[in-house]
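Close look at the chain arrangement
Chain by chain, the residues run as shown.
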Number of protein chains: 2
Amino acid sequence: MDAAAAPLDVAVDLVVLTLRGGKLSVLLVQREDAPFAGAWALPGGFVRPEEDLLAAAHRVLDSEASLGREHTYLEQLRTYGDADRDPRGRVISVVHMALGANLPDPVSGDGAADARFWDLAEIDAGALAFDHAEILTAAVERARSKLEYTTLATSFLPAEFTISQLRGVYESVWGTSLDPGNFHRKATRSPGFVVDLGKQTDGTGGRPARLFSAGEGAILNPPLLRGGE
Amino acid sequence: MDAAAAPLDVAVDLVVLTLRGGKLSVLLVQREDAPFAGAWALPGGFVRPEEDLLAAAHRVLDSEASLGREHTYLEQLRTYGDADRDPRGRVISVVHMALGANLPDPVSGDGAADARFWDLAEIDAGALAFDHAEILTAAVERARSKLEYTTLATSFLPAEFTISQLRGVYESVWGTSLDPGNFHRKATRSPGFVVDLGKQTDGTGGRPARLFSAGEGAILNPPLLRGGE
DNA sequence: CGAATAGTGTCTATTAGACAATATCAG
DNA sequence: CTGATATTGTCTAATAGACACTATTCG
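With an unreviewed UniProt entry as reference, chain A is termed NUDIX domain-containing protein, source organism Brachybacterium hainanense.

The following block contains the structure:
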């Protein structure tokens, strides 16, 4: 097993998801150079020799999306490494998923002509560079699935939020509509999911809502299943 | 984003799980060379320049465990890439999980003094090489978790099996005991999980059991949850 | 007040789990 | 028959989802 190693280029690519106007949106950058010049792609960058993978992902997040470590969830998804996935040569890509609330409009970084969030529905998957359409599809399905059995949904929201806003996350990401009453009960009774802050919103044309923050728990037990309701 | 790339060594490491005598067991190889000479480690090897990651994992599986592609489930888990995880230098490891039924005793391959399956309970986690204890723990937890919501359990069994054997997989991997009657109902009614072959076992001191094969489904809906019963 | 949103109550069909009962083999 | 394992039946408590109802604000 200690046979000769042949070094390969290792990159991190990011699927940065946020909600904009109730639509699940992803950050894409427009490529300036070949290959795929002019095409849209996931933000990414090569891993530096002394840099941990997670640190590389944070650096890319900061440099391509001006997003610091605050209020941004970051998690490794999986690694794409088919020998022919990059026409320039062998590149292994460790894909991470980042989630955040109200992410700012990005400023285009190095090698990018433009950068902006796209409503998922308006993306032409066939036009994405490399294997990024496949990566994006897998990442979105992972996010949808993780909403069921983890407390990930709170990552899409600011530090203080209402149950309606939380329900809006589920509805936007899953593309379904949920019963407000039943959702309220399930969310507030699920241990570790949300913490009642004892504060209220200003009324916005209805009864003021209580404010909650994200709880300590990471796993939702029992899970909040899709498909039902 | 097309900034200079600094090539890094990329390896695949394998967590090969099987059931031996009702115990969840993992394949470990004893290292011959420094670092960690004499210590036990997960089987692994470097990825070749023209080789897909999955192909590299299959190659390692074959060379270190004499396991071909038949009857072996193989899935990428996650990638470990901390800058200091290997004292020889920077090595990125793409960890895969393999599952199989009745896996044969391995023959030690290159760079390995010995290779064998270990009952998980008898492994001294502190003695494993590199960060392999952490990797192993995460992989086992992943396997336990995937039994709940996927049909993965059938990967631990031969092509034809009884519901009791399937229940035995759950009991061994989860370390719990399950009600035979309730389990039988849930397994046989879960769409896509098992297919009744219309055959029976020879009696082994009790009523003969029907034989089943793995169904086409990959996801268990509803899931078979732990913790209850 | 009426409209709108938040939150609670209630009913019913379904389900999980405990446990009993029946089925079918070996010896 | 006895012992063992497989499979099905039954009962009960808990739950999910449908939907009605109450609460609290704004205009």
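1. Overview of a negative patch on the surface
A cluster of acidic side chains, namely A:D52, B:D82, B:D84 and B:E134, defines a negative patch on the protein surface. Inspection of the secondary structure assignment puts B:D84 in the loop between β5 (72–80) and β6 (91–100).

2. Points about the interface of chain A and chain B
With 40 residues of chain A at the contact, the number on the chain B side is 40 residues. Run the count over chain A and chain B and you get 0 salt bridges. Our count for the chain A to chain B interface comes out at 12 residue pairs in polar contact (both at pLDDT 80 or more). Elements represented by at least two residues in the side of chain A that touches chain B include exactly β1 (9–20), β4 (44–46), α1 (53–65), β5 (72–80), β6 (91–100) and α2 (132–149) of chain A. Among the elements that line the side of chain A that touches chain B, the one with the most residues is β5(A), at 5 residues. Among the residues making up the side of chain A that touches chain B, the classes are represented as 19 nonpolar, 6 polar and 15 charged.

3. Thoughts on α2(A)
Given a rise of 1.5 Å per residue, 18 residues ought to cover 26 Å, and the 26 Å separating the end C-alpha atoms of α2(A) matches this to within 8%. Here the buried face of α2(A) lies against β1, β2 (23–31), β3 (40–41), β5, β6 and α3 (163–174) of chain A.

4. Some thoughts on the packing of aromatic side chains
Going through the model one piece at a time under the given rule, you end up with 9 aromatic pairs over all chains. Between the aromatic rings of B:Y170 and B:W174, the centroid separation amounts to 5.0 Å while the plane-to-plane angle is 75 degrees, which identifies the pairing as edge-to-face. Of this pair, B:Y170 and B:W174 are both found in helix α3 (residues 163–174), 4 residues apart, which corresponds to roughly one turn of the helix. When sorted by exposure, B:Y170 lands in the same class as B:W174, which is buried. Cluster of aromatic residues (ring-pair linked, three or more members): A:Y170, A:W174 and A:F183.

The rules behind each value
Residues numbered from 1 in each chain as written. Chains lettered and ligands numbered in written order. Predicted model: local features only at pLDDT ≥ 70, side-chain atom pairs only at ≥ 80, totals over all residues. Heavy atoms only, no water. Patch = residues over 30% accessible without salt bridge, like charges linked within 9 Å, V, L, I, M, F, W, Y side chains within 5 Å. Areas by Shrake-Rupley, 256 points an atom, 1.4 Å probe, with all protein chains shown as cover. Salt bridge = Lys/Arg side-chain N within 4 Å of Asp/Glu carboxyl O. Lys, Arg positive; Asp, Glu negative; His and termini not counted. Charge placed at Lys NZ, Arg CZ, Asp CG, Glu CD. Helix = DSSP H or I, 4+ residues; strand = E, 2+ residues; numbered from the N terminus. Contact = heavy atoms within 4.5 Å. Polar contact = N/O pair within 3.5 Å; in protein donor to acceptor, adjacent residues only side chain to side chain. Nonpolar A, V, L, I, M, F, W, Y, C, P; charged D, E, K, R; others polar. Expected span 1.5 Å × (residues − 1). Phe/Tyr/Trp six-rings, centres within 6.5 Å; stacked < 30°, edge-to-face > 60°. Buried < 20%, exposed > 50% of the residue type's maximum accessible area, 1.4 Å probe, protein only.

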